[in-house]
Amino acid sequence: MQTNLPRDFLNTPHGQEADAILRSCVHCGFCTATCPTYQLLGDELDSPRGRIYLIKQVLEGAPVTERTQRHLDRCLTCRACETTCPSGVRYARLLDIGRGVVEQQVGRPLFAGVMRWGLRHVLPYPKRFALALGLGQLFRPLLSARLKQKLPARGAPSVRPITKHARTLLVLEGCAQSVATPNTNAAAARVLDRLGISLISPTGQGCCGAVSQHLAAEAEAAGFMRRNIDAWWPHIESGVEGILITASGCGTQVKEYGELLQHDPAYAAKARRVSELARDLCEVLETEPLETLSIAGAGRQIAYHSPCSLQHGQQLAGRVEAVLLRLGFELTPVVDSHLCCGSAGTYSILQPALSQRLLDNKLAALEAAGPECIVSANVGCQLHLQGGAQRPVKHWIELLDEAMV
């Protein structure tokens, strides 16, 4: 794709990055076949190719309108288009750059602006999120049916092993996950303990930065990233094996710290090292002697939902499934398993109508074969699916933890 970006923008790191991404697009349209919003709406401007054109026009100096903003807002950032693209277009990164420019030039109505501000100043902070969740449960009888469906229960923490092993991994506790589904990391700690691996939860760590990153607040996101690097760095210098992230959305973000902080002279090298050490749970378990876990999985039919952040963001499609099959679980077929469930971070809150349509489609596919339960690998997807599922929904590591004998 030919570009004509203004010289002053082209001479910036974002300008050079955007120009390279735009030039890699060959207009083939393969991305439209796997784009959830294009499948629902049938509008070219709600496809990756259409949004790339919109961003190109914005970066080249064309007037920016609320219509442009609306089409960019509708993107889930599911990155299915990146998996499909034969040219390797880094669409999600271009979208972040484009959204940032649009956010600076187009205002938002008061309610929409306050909503985004609130999400950025509540979700990434566990204490604030816990307070908001508690208030939501307190006033639950007064809420609409839709809000009741979206309001998760606060999860109860469970016991973690105290044994100290020679092998250690850092673990990101996360923000929403640490409040809504704290048993995920506890279950991971118990399973890994059986394999002779201890988890270390460093003080001072917090949100991975993804919420701010995808709400066009890059400077704010960078602050979260630097905070985590500072919390992890002493342990990295001491020789931990890696950094375990059990929420695949957070894992995608952490694996991109090196890219996102590449122009920060104080953190660039550390960020690259952090990204190198980041591991999803499936990457850890697939190399371990799982037969020692004594898991009773034989004959149990499970529906697995593969989060977009795992299969498209981290390009780890099929890896969790392989672990579950290796342990004897039977996976029921899921039609269109590459499509998003509609959670997508804050998307289910900011785009409720589209999110609900995607959720309905996903649950129909997951429950079609009558599985015992549904498992996923990301807290956002887990909570989103729980809001409408007829069967239990949990993180897949909880399934393993419960099945250990």
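Report on the accompanying structure. Each chain carries its own residue numbering, running from 1 in the written order of its sequence. Residue-level local features of this predicted model are given only where pLDDT is at least 70; pairs of side-chain atoms are given and counted only at 80 or more, and the full residue set underlies all totals for whole chains, interfaces and linings. Here the side-chain values reflect all heavy atoms present in the structure, with hydrogen atoms and water set aside.

We now examine the pairing of strand S1 (residues 167-171). Counting buried positions along S1 yields four of five residues, so the element is predominantly enclosed. The pairing criterion is simple: DSSP has to find at least two bridges between the two strands. To qualify as a helix, a DSSP run of H or I must reach at least 4 residues; to qualify as a strand, a run of E must reach at least 2; elements of each kind are numbered from the N terminus. Direction of pairing for S1 relative to strand S2 (residues 197-200): parallel, over a ladder of four bridges. Its bridge partner lying in S2, Thr168 is registered against Ser198. Inspection of the sheet shows S1 paired to strand S3 (residues 242-245) by three bridges, in the parallel sense. Across the sheet, residue Leu169 finds its bridge partner in S3, namely Gly242. With a 1.4 Å probe rolled over the protein chains alone, any residue whose accessible area is under 20% of its type maximum counts as buried; one over 50% counts as exposed, and the rest are partly exposed.

Orientation is described by lines fitted to C-alpha atoms, with helices fitted over the stretch in contact, and by angles between N-to-C directions that extend from 0 to 180 degrees. Where helix H12 (residues 183-194) meets helix H24 (residues 396-403), the closest approach of the two axes is 8 Å, and the angle between their N-to-C directions is 50°. With respect to each other, H12 and H24 are oriented oblique. Relative to H24, H12 is oriented so that their crossing is left-handed. Touching Asn183, Thr184, Ala187, Ala188, Arg190 and Val191 of H12 are Ile397, Glu398, Leu400 and Asp401, all from H24. Taken together, the residues of the contact of H12 with H24 sort by class into five nonpolar, two polar and three charged. Under this scheme an angle from 65 to 115 degrees is roughly perpendicular, one under 35 degrees roughly parallel, and one over 145 degrees roughly antiparallel; angles in between are oblique. By definition, any crossing whose near helix is turned counterclockwise from its far helix by less than a right angle is left-handed, and any crossing with a clockwise turn is right-handed. Whether two residues are in contact is decided by their heavy atoms, any of which lying within 4.5 Å being enough. Three classes are used: nonpolar for Ala, Val, Leu, Ile, Met, Phe, Trp, Tyr, Cys and Pro, charged for Asp, Glu, Lys and Arg, and polar for all others, with Gly counted as polar.

Patch rule: a residue counts if its relative accessible area is over 30% and it has no salt bridge; like charges are joined within 9 Å, and nonpolar side chains (Val, Leu, Ile, Met, Phe, Trp, Tyr) within 5 Å. All accessibility values rest on the Shrake-Rupley procedure with a 1.4 Å probe; residue burial counts only the protein chains present in the view. Think of a salt bridge as a Lys or Arg side-chain nitrogen and an Asp or Glu carboxyl oxygen that are within 4 Å of each other. A cluster of nonpolar side chains, Leu131, Leu135, Leu138, Phe139 and Leu142, forms an exposed patch at the surface whose accessible area comes to about 560 Å². Tracing the chain through its elements places Leu131 in helix H9 (residues 126-138).

For side chains of opposite charge, pairing can occur when their charged atoms come near one another. Following the criterion strictly, the structure yields 26 salt bridges and no others. Close ionic contact of Glu372 with Arg300 constitutes a salt bridge, the shortest N to O distance being 2.4 Å. With Glu372 in the loop between helix H22 (352-367) and strand S7 (373-376) and Arg300 in the loop between helix H18 (281-285) and strand S5 (301-304), the pair connects residues that are 72 residues apart, well separated along the chain. Here Glu372 falls in the partly exposed class, since its relative accessible area comes to 38%. Accessibility expressed as a relative area gives 22% for Arg300, which makes it partly exposed. Look at the salt bridges and you will find they share partners, linking Glu17, Arg90, Arg93, Glu218 and Glu259 into a network.

Both site types are read off a 1 Å grid over the protein atoms alone. A 1.4 Å probe that fits but cannot get out defines a cavity, while an open set with protein on both sides within 12 Å along at least five of seven lines defines a pocket; lining residues have an atom within 4 Å of a point. Grid points are joined across faces, edges and corners, and a volume is the space filled by probe spheres set on the points. What the rule picks out here adds up to two cavities of 30 Å³ or more. Taken as a whole, the largest cavity spans an internal volume of roughly 140 Å³. Broken down by secondary-structure element, the contributors of at least two residues to the lining of the largest cavity are helix H4 (48-59) and helix H6 (80-84). Sorting elements by how many residues they give to the lining of the largest cavity places H4 first, with three residues. Counted by class, the lining of the largest cavity contains 11 nonpolar, three polar and two charged residues. Size it by volume and the second largest cavity reaches roughly 70 Å³. Lining the second largest cavity we find 13 residues, and of these Cys35, Pro36, Pro48, Cys75 and Cys78 sit closest to its centre. Of all elements in the fold, only helix H3 (36-41), H4 and H6 reach the threshold of two or more residues within the lining of the second largest cavity.

Axis separation between helix H5 (residues 66-73) and helix H7 (residues 91-105) bottoms out at 10 Å; the angle between their running directions is 145°. You can see that H5 and H7 cross each other, and the crossing is left-handed. Together, Thr68, Gln69, Leu72 and Asp73 of H5 and Leu95, Gly98, Arg99, Val102 and Glu103 of H7 make up the contact between the two elements. Tallied by class, the residues present in the contact of H5 with H7 amount to three nonpolar, three polar and three charged.

Here we have four strands laid out as an open sheet, ordered S6-S5-S7-S8, and parallel in their pairing. At either margin of the open sheet sits one strand with a lone partner, and together these are strand S6 (330-331) and strand S8 (393-395). The pairing of S7 with S8 spans three bridges and is parallel. Considered in S8, the bridge of Ser376 is made with His395. Across the face of the sheet, H24 comes into contact with S5, S7 and S8 while running at roughly 85° to S8.

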